[in-house]
Amino acid sequence: MKNSLTFLFVLFLTAGTIFLISDKNKNNKLVQHYTPENYRLAGLEGPGAIPNDWMARQRSYPHGIIKQESYLEAMKESGKLIAKANELTGEWIQSGPTNIGGRITDIEMSPSNSSVVYVAAASGGIYKSVDEGASWSNVFTDVPVISVGDIAIDPNDENVLYAGTGEANASSFSFLGMGLYKSTNAGNSWSHIGLEESGYIGRIVVDHSNSQNVLTAACGTLFSPNETRGVYKSTDGGATWQRKLFLTDSTAAVDLIQHPQDANTWYATMWERMRGLNYRRSFGPTSGVYKSTDGGDNWFELTSGLPTGVNVGRIGIAIAESNPDVLYTFYDLTNYEVEVYKTTNGGDNWNQTSDWALSGMNSNFGWYFGQVRVSPQNENIVYVMGVYNYRTTNGGTSWQSNGDEMHVDHHAMCFDRITGKIYEGNDGGLYASLNGGSSWNKINTLPLTQYYAISMDYQNPERIYGGTQDNSTIRTLTGNLDDFEVILGGDGFYTLVDHTDPNTIYAEYQWGELHRSTNGGTWFDYIAGDMGSDRRNWSSPLAMHPENPSILYFGTYRIWKTTNKGNSWTAVSGDLTKGDDGSTFHTLSTIDISNVNPQIVIAGSDDGKVHISPDGGGDWFDITAGLPDRWITRVMTDEFDENTIYVTCSGFRWDERTPHVLKSTNLGTDWTDITSNLPDMPVNCIAQDPQFQGRLFVGTDTGIFYSLDDGAFWLNMNNGMPNVPVTGLEVHQPSRTLLAGTYGVSSFKFDLNQIIPVELTSFNVSVSGGDILLEWQTATETNNYGFEIERKAAGERFSKLAFVGGKGTSSETAKYSFRDQTSLPGIQYDYRLKQIDFDGNFSYSETKSIEAVPTDFALEQNYPNPFNPETKIRFSIPDAGNVSLVVYNITGEKVTSLANGRLDGGSYEFTFNGKNLASGIYISSLSFNGKIKTRKMMLQK
């Protein structure tokens, strides 16, 4: 090959000057690096930020790209915590569905045993069956990333498997991979073998003549250019890799095949593509077909009869085993057309087949497809996979739609060379055909569903509801894994069941198209007409009043409220986002209502804004200050304290570590980052245990983490669940069930009783001689563990106060006591016990609260502050005396007297109402036996 010659020229367009850099690559081909603006002006960039870019937008906002090094670092952090996921005594149990399905990216079979099948999922790992699909086990679970682009079986040793992480389909959000993994024991365990920065893997092929030779098609990153892409080759079974074909830093190698007889002959397809916040480019002049005749060391482009230029998109390729001179290529082109080309001389010349029937089969998103397969027995039977599946039985002379009974969006196909059975994978799961594809049967045993949101019927927690990617709104009425049914079409999102009447169900599909059923889901009526002209999120948030189910809140770019179950809606807020920029974003993404005080409503947006209403939607206050500029995935009110709220964020680190879980104890006046030791990665959802204060659960892109101390420290709880993205969490308190919806392996349930609290027969706190005395007794002897005493004051986090070693007694019980001599008088403290055994496992007791005895009078800061219109003012006095509590304005004028007279020693609380006062600074003044203390407070309307 000749050395590359580089030159630069400038292309002037009427809309401005666009730089078009061209060079000759290592294969001596002219390469053009088009800027996104260039493609936009040329009309070649494909659609902009299309609706189902929703998950990508979450993770890339506000920069428009994902920083790969930050992503990889977060995945590694997650892996370390996952390795320690042994703190729980129980594990997650699969709760389905298995009969709905989800996106499959590849299928492989044992070459010698028809019973052994492997299925790769877009975001769910690798499932293995040893009984022809009757049952499955996920064999790709102990790795940080389980998004799989391709799998390969060594044709000379079927116990050797390769897995390429990162789905290559460039879908709504294809989770970035971490390179290649290898198993030498049929999937029982895996080791990482490199190409960590390759982003997405399109294909892996093991040389049939020498198992040490392995070639892979690496796509590279999607949201930014990088050079770890192209065709790579290993000559030592994956231990080391060398790049053999590279075009540009935005050109992927996406498909790869080997000649079935001549081991030196290989074919690869290259695909120029790039994405950003507001554009998608899936075409370019570097897209093309390449061939190697020396085992993949050197490559040259095949052009005779094939399309070239800026209109060429993704290309798939297949070779006929029965006649290897025959190959087929499947092209996606800019005019939303597809073309299939055939060669009968090993690629020297190509001719277009009679493929007019394939017009539109990729719809307008051909980047999502690109698979072509040839029957191993017959060179003339060929399948192409797009939105629909087409087949030719005469070598391309004619094409017919095939498998119309299957779900749409097709990505994978595998032939059983022993029985002739065909497996096919699409967005709806796995199908099989015994007659060459003339008819197909669904295999309803794979839990691959990708949930966007999940919920359950309060009156019957066996009834699980959820919105899913490309598989509608679904539910089960029995709790069985295989009897889920579709109740509303489209992509499904939030679903709510009336907690007093399970026949009333609310469900939506994309763009907030909200519906209601009053007959248990048999029929749904559209109820979003009032909001129809509003800017709405792909997943529009919906929340139900915890006491009165007739009241619901719905989010567009503003909040809508109904008091009659959706018969009519009223807008109760203005724009709660950063404003309309003409895109489909800047919308509300999450809503929550306080169970403690349902007048408190919180809303978060996809552009980083959070607002709160203290009066059921009457007034709204911006509480964004102190939060990171990230997509707000969830807002949550506390189950115990009406002034405590939580926010979770998406996105990855950019220049510094990004908070992903935040807490406020004063309704958003101040925020505390409680991300603590969580990996620096998107947090998609949050839930709280309503029985144990401080026990939190979060769903992230690699599973679930929990905290027993209000976010001071997090532990992984993926026991029994793959390291899958978790998009929805819900606690059903009566049954003590935590339900999780995953984006790739359906749903799981966890019995919260498995998190065992400290077994105490008593735990009391009291005041003794000016100190606080803790006393407790265990149910059994405790010489194998000890107790850590934790304490916190209002607005603080629990921290360690002391450690008390365990002790055993002959009566098999033990009594303990501890005197807190550091407590400050007049302050209320929360105490709890943390039981720790010799293995490091721990659990918490309930929390006890008590106020230390004051030795002097004290006036506390009002709460909340700022306030509108009410606030609480607390003070304490050590003994009986004359007390006066007066509020003044900033000029010293008396506003009101809250207390005036003689009071006994103790603590008191008064409410100050500023409803009829102007915003501003006010002074609370406490006089006790002639001494005065004051505090400033702010009324903010």
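Residues numbered from 1 in each chain as written. Predicted model: local features only at pLDDT ≥ 70, side-chain atom pairs only at ≥ 80, totals over all residues. Heavy atoms only, no water.

1. What to know about the overall build of the protein chain
The secondary structure content of the protein chain amounts to three helices and 76 strands. Counting every position in the protein chain, which comprises 941 residues, the buried fraction comes to 61%. Put simply, 54% of the contacts in the protein chain that link residues at least 6 apart link residues at least 24 apart. Counting every atom, the protein chain has about 33600 Å² of accessible surface; 46% of that belongs to carbon and sulfur. Counting 69 positive and 106 negative side-chain charges, the protein chain places the averaged centre of each group 5 Å from the other. (Helix = DSSP H or I, 4+ residues; strand = E, 2+ residues; numbered from the N terminus. Buried < 20%, exposed > 50% of the residue type's maximum accessible area, 1.4 Å probe, protein only. Contact = heavy atoms within 4.5 Å. Areas by Shrake-Rupley, 256 points an atom, 1.4 Å probe, with all protein chains shown as cover. Lys, Arg positive; Asp, Glu negative; His and termini not counted. Charge placed at Lys NZ, Arg CZ, Asp CG, Glu CD.)

2. Comments concerning the side chain of lysine 244
Of note, lysine 244 is situated in strand S16 (residues 242-245). The class for lysine 244 is buried, based on a relative accessible area of 16%. A distance of 3.3 Å separates polar atoms of two side chains, one belonging to lysine 244 and the other to glutamine 242. (Polar contact = N/O pair within 3.5 Å; in protein donor to acceptor, adjacent residues only side chain to side chain.)

3. Brief notes about the sheet that holds strand S25 (residues 338-343)
Taking strand neighbours across the sheet as the criterion, the four strands line up as S23-S24-S25-S26 in an open arrangement whose pairing is antiparallel. At either end of the open sheet lies a strand with only one pairing partner, and these are strand S23 (312-319) and strand S26 (351-352). (Pairing = 2+ DSSP bridges.)

4. Focus: the environment of valine 206
Structurally, valine 206 is set in strand S13 (residues 201-206). Residue valine 206 is classed as buried on the basis of its relative accessible area, which comes to 6%. Residues in contact with valine 206, not counting those within four places in the same chain, are Ile153, Asp154, Pro155, Tyr162, Ser211, Asn213, Val214 and Gln258.

5. Looking at the sheet that holds strand S72 (residues 881-889)
In space, the four strands of this open sheet follow the order S73-S72-S75-S76, with antiparallel pairing throughout. Each having just a single partner strand, strand S73 (894-903) and strand S76 (931-939) make up the two edges of the open sheet. Direction aside, neighbouring strands of the sheet carry axes that sit 15° apart on average. One ladder, built from nine bridges, connects strand S75 (residues 920-928) with S76; its direction is antiparallel. Looking across to S76, one finds that tyrosine 922 is bridged to methionine 937. (Axes fitted to C-alpha atoms, helices over the stretch in contact; angles between N-to-C directions.)

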